Amino acid sequence: MVLPLDYSQMIPETEPVRLLDAVLEELDYTALLRLYSPQGRKSAVPPKILFKIIVFAMSEGIYSLRAIQRQCQVNIQYMWLLQGYKAPSHMCIGRFYERLTVPVQEDLFAQFIHLLSELDVVPMDEVYIDGTKLEANANRYTFVWRKNIERGLKKLKEKYPAFREEVSQALLPGTENLKDTEMLAALAEKCKEEGAHFVSGKGYHKSALQKAFERCEGFCAKRQEYEKQLSVLGERNSYSKTDPDATFMRMKEDHMKNGQLKAAYNVQLAVESEYIVGVGIFPNPTDTRTLIPFLQHMESRFGLKPVHVVADAGYDSEENLDWLREHGYESVIKPAQYENGKKKQYKKRIDLPANMEYDPDKDEYTCAKGRKLVFEKIRRKKHDSGYVSESYVYRCTNCQYCGLRKQCQRQGNRKQSKAIYINKKYNGLQQENMERFLSEDGIRLRVNRSIQVEGAFGQIKEDYSYKRILRRGKDAVYKELLFLAFGFDIRKLHNRIQEDRLMQRFIRKVDKEQAC
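Residues numbered from 1 in each chain as written. Predicted model: local features only at pLDDT ≥ 70, side-chain atom pairs only at ≥ 80, totals over all residues. Heavy atoms only, no water.

Participant: Quick question: what am I supposed to make of the overall build of the protein here?
Facilitator: Assigned secondary structure in the protein consists of 19 helices and 13 strands. For the protein, the C-alpha radius of gyration of 31 Å lies well beyond 24 Å, the compact-globule estimate for 516 residues. Each of the three principal axes of the protein carries a C-alpha extent, and together these read 90 × 85 × 40 Å. Going through the 516 residues of the protein one by one, you find that 46% of them count as buried. For the protein, restricting intrachain contacts to residue pairs at least 6 apart in sequence, the fraction spanning at least 24 positions comes to 67%. With 85 positive and 71 negative side-chain charges, the protein shows a spacing of 7 Å between the two charge centroids. (Helix = DSSP H or I, 4+ residues; strand = E, 2+ residues; numbered from the N terminus. Rg over C-alpha atoms; globule rule 2.2 N^0.38 Å. Buried < 20%, exposed > 50% of the residue type's maximum accessible area, 1.4 Å probe, protein only. Contact = heavy atoms within 4.5 Å. Lys, Arg positive; Asp, Glu negative; His and termini not counted. Charge placed at Lys NZ, Arg CZ, Asp CG, Glu CD.)

Participant: Help me understand helix H16 (residues 424-438), please; the structure alone is not making it clear to me.
Facilitator: Given 3.6 residues to a turn, an α-helix orients residues that are three or four positions apart in the same direction. An ideal rise of 1.5 Å per residue puts 21 Å on 15 residues; H16 measures up with 21 Å between its terminal C-alpha atoms. Residues Tyr-426, Leu-429, Asn-433 and Phe-437 constitute the buried set of H16. Projected down its long axis, H16 carries its buried residues within an arc of 80 degrees, all on one side. Tucked inside the fold, the buried residues of H16 contact helix H12 (318-326), strand S8 (330-333), helix H13 (338-341) and helix H17 (440-463). (Expected span 1.5 Å × (residues − 1). Arc of directions from axis to C-beta.)

Participant: What is the right way to read the side chain of Glu-126 from this model?
Facilitator: By secondary structure assignment, the location of Glu-126 is in strand S1 (residues 126-135). When near neighbours in sequence (up to four residues on either side) are disregarded, Glu-126 contacts Glu-272, Pro-306, His-308, Leu-445, Arg-505 and Phe-506.

Participant: What is the right way to look at the packing of aromatic side chains in this model?
Facilitator: Centre distance and the angle of the planes are the two values used to describe a pair of aromatic rings. Evaluated as defined, the whole model comprises 25 aromatic pairs. Judged by centre distance (5.6 Å) and plane angle (20 degrees), the rings of Trp-323 and Tyr-329 are stacked. On the accessibility criterion, Trp-323 (11% relative accessible area) is buried. Taking relative accessible area as the criterion, Tyr-329 reaches 4% and is therefore assigned buried. Taken together, the ring pairs connect Tyr-29, Phe-51, Tyr-97, Phe-109, Phe-112, Phe-302, Phe-483 and Phe-486 into an aromatic cluster. (Phe/Tyr/Trp six-rings, centres within 6.5 Å; stacked < 30°, edge-to-face > 60°.)

Participant: How do you make sense of the pairing of strand S11 (residues 372-382) when you look at a structure like this?
Facilitator: Two faces, one strand: in a regular strand the side chains alternate between the faces of the sheet. Both strand S10 (residues 364-366) and S11 contribute to a ladder of three bridges, which runs antiparallel. Its bridge partner being in S11, Tyr-365 is matched across the sheet by Leu-373. Hairpin connection, S10 to S11: the antiparallel pair is bridged by five residues, and Gly-370 has positive phi, about 90 degrees. Relative to strand S12 (residues 388-396), S11 is paired through nine bridges, and the arrangement is antiparallel. Residue Lys-381 lies in a different strand from S12, and its bridge partner there is Ser-389. (Pairing = 2+ DSSP bridges.)

Participant: What should I look at first to understand a positive patch on the surface in this one?
Facilitator: Side chains of Lys-147, Arg-151, Lys-155 and Lys-159 sit close together on the surface and give a patch of like positive charge. Along the polypeptide, Lys-147 turns up in helix H8 (residues 146-170). (Patch = residues over 30% accessible without salt bridge, like charges linked within 9 Å, V, L, I, M, F, W, Y side chains within 5 Å. Areas by Shrake-Rupley, 256 points an atom, 1.4 Å probe, with all protein chains shown as cover. Salt bridge = Lys/Arg side-chain N within 4 Å of Asp/Glu carboxyl O.)

Participant: Could you clarify how one ought to interpret helix H11 (residues 291-302) in this entry?
Facilitator: The end-to-end C-alpha distance of H11, which contains twelve residues, comes to 16 Å, matching closely the 16 Å that a straight helix rising 1.5 Å per residue would cover. The complete set of buried residues in H11 reads Leu-291, Ile-292, Phe-294, Leu-295, His-297, Met-298 and Phe-302. Downstream of H11 by a residue or two, Gly-303 has a phi angle that is positive, lying close to 70 degrees.

Participant: Help me understand the nonpolar core in this model?
Facilitator: Side chains of nonpolar character tend, in soluble globular proteins, to be buried together. Residues Leu-24, Phe-51, Phe-112, Ile-129, Val-277, Leu-481 and Phe-483 are the most contacted members of the largest nonpolar core, which totals 105 residues. In terms of residues, this core owes the most to one element, helix H18 (residues 474-498), which gives eleven residues. The contacts of Phe-112, once residues within four sequence positions are left out, are Val-23, Leu-24, Leu-27, Phe-486, Asp-489 and Ile-490. Counting residues in hydrophobic clusters, the runner-up holds 21 residues, among them Met-183, Leu-184, Ala-212 and Phe-219. (Core = buried A, V, L, I, M, F, W, Y, C linked by side-chain atoms within 4.5 Å.)

Participant: It is not clear to me how a nonpolar patch on the surface should be interpreted in this structure. Could you clarify?
Facilitator: A contiguous nonpolar patch, built from Ile-497, Leu-502 and Met-503 and spanning about 260 Å² of accessible area, is present on the exposed surface. Secondary-structure assignment places Met-503 in the loop between H18 and helix H19 (512-515). For Met-503, a relative accessible area of 54% translates into the label exposed.

Participant: Looking at this model, I keep getting lost on the pattern of salt bridges. Mind explaining?
Facilitator: Opposite charge on two side chains lets them pair, provided their charged atoms get close. Under the counting rule described, the total for this entry stands at 32 salt bridges. Across the pair Arg-501 and Glu-274 runs a salt bridge, and its minimum N-O distance is 2.8 Å. Linking Arg-501 in the loop between H18 and H19 with Glu-274 in the loop between strand S5 (261-272) and strand S6 (275-282), this pair joins segments that are 227 residues apart in sequence. In this structure, Arg-501 and Glu-274 share a single accessibility class: buried. The partner of Glu-339 in a salt bridge is Lys-334, with the nearest N and O atoms 2.8 Å apart.

Participant: What is the right way to read the confidence of the model for the protein from this model?
Facilitator: Low pLDDT marks regions whose predicted coordinates should not be analysed in detail. Chain-level pLDDT for the protein is 90 on average; 96% of the residues reach the 70-or-more range. Per-element confidence in the protein is highest for helix H3 (residues 47-59), whose mean pLDDT is 96, and lowest for H19, whose mean pLDDT is 46. Contacts for the low-pLDDT stretch residues 511-516, under 50 throughout, to residues beyond four places or in other chains number six contacts. (pLDDT = per-residue confidence, 0-100.)

Participant: Any chance you could explain the packing of helix H9 (residues 180-194) against helix H10 (residues 208-233) here in plain terms?
Facilitator: When two helices pack together, their arrangement is given by the angle between the helix axes and by the axis-to-axis distance. Relative to each other, H9 and H10 sit at 150 degrees, their axes nearing to 9 Å. The angle between the axes of H9 and H10 places the two elements in the roughly antiparallel class. For the element pair H9 and H10, the recorded crossing hand is left-handed. In this structure, H9 contributes Asp-180, Thr-181, Met-183, Leu-184, Leu-187, Ala-188, Lys-190, Cys-191 and Glu-194 to the contact, and H10 contributes Leu-209, Ala-212, Phe-213, Cys-216, Glu-217, Phe-219, Cys-220, Arg-223 and Gln-224. Residue composition of the contact of H9 with H10, by class: eleven nonpolar, two polar and five charged. (Axes fitted to C-alpha atoms, helices over the stretch in contact; angles between N-to-C directions. Parallel < 35°, antiparallel > 145°, perpendicular 65-115°, else oblique. Left-handed = near helix turned anticlockwise from the far one by under 90°. Nonpolar A, V, L, I, M, F, W, Y, C, P; charged D, E, K, R; others polar.)

Participant: I'm lost on the environment of Ile-149 in this one. Help?
Facilitator: Along the chain, Ile-149 falls in helix H8. Not counting residues within four places of it along the chain, the set of residues in contact with Ile-149 comprises Val-144, Tyr-226, Gln-229, Leu-230 and Leu-233.

Participant: So what exactly am I meant to see when it comes to the environment of Asp-489 here?
Facilitator: By the element assignment, Asp-489 lies in helix H18. Judged by its relative accessible area of 0%, Asp-489 is buried. Taking the C-alpha atoms as reference, Asp-489 lies 62 Å from Gly-403; in sequence the two are 86 residues apart. Contact partners of Asp-489, with chain neighbours within four places excluded, come to Phe-109, Phe-112, Ile-113, Leu-116, Tyr-275 and Ile-276.

Below you can see the structure in the form of structure tokens.
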């Protein structure tokens, strides 16, 4: 005999596969086993073992089902995980992947995060949130745009009344008010009554009835196609025909170097103590409108509600800050104008309200020319999410013969006096956030955010070579990312154990002078 009967003799004690098997063995797989019927043919490999194999493959940067099958056939570590079962085929692994539901996988991930908090320090007092765009497994040139659909639907509705009038006068009197489907049914009945014979090809002449029927059929088919595409779009402006859940976004990796849009997903990660504790995918190309649903998702699915939410300037908005305060979160979000506010050029701009003098007693601003801007009205704006913001409009009493008007009114109609818009609620929320942002704890949190969550994305893209999503459909992509989070956290736990960094919560501590 060449190989020992027990593969464990050839696997060192410090290998990550041993830690993975020990940690995942502590999870409760009752919900997973319920997906399989006790009757009929059993699975070639128990689902718990298949789950461990996929997580281990993800931790090693192996994502293809055929590549996982190959590892099970030649790699001793995978053989050890199989516990004597025959190496599964890629079809067996794929069937398990399809059968595994999102709620079951989320339940396992929630158990896993709870177990990590017992093995290492993961108190969930704060989370570091960031997002990136990952290219979907879809053809780059299979786009469907909302504007094109709406334009085509509008033209179709403009052409149909003329066609309906033509049919009612020539073929079917009294049908000038019928819809396209009703008109199609009426024409079909007319063809049946007259025994019309449809012809096609060279040398045949179509009758007026056949032409009308085919045109009406084309109207119905095209309208239904447009309406179906609009239903797939939802609130989005584009989607891919290959993967309808993917949205076209502008990516950093531009293969044509011309700003080409690609089908992609906006992937959000929540990191605490270097571990990924939350995963979310969104169709929004920007991060601003992802924060609230992402935190709601983490709280409802994983039972996680941190105290501090640490994020970059892409998440700064009145709606986000207001929601965080109302729901008991403390925001440490970088203000959108924080970097510009430190520049000399920004401080010299006389058109900005921040650089004007404000008299709270009289509730008026004074411009660089010494003229007063008094309160005029309150302007309300309803955002796409339904949130309503209020801005106080202050307008200058007289801007005529002002030598600084070109600098003060850079945009807008210069025939009117200078107006500024002050969102007092947003300014108050930003002031509270800024106090936490500039505090000693805030400095420590934002420095660790740039290291931990951005470092997690860097490791996933470079060390794990995960730069493009392999599966299609929102649920399949989400399951793939959850498996990736499992593998990432197992590898991180192993590295922290080997480097003797357990119970080390923060990577780096800084003082205020060093950070500024």
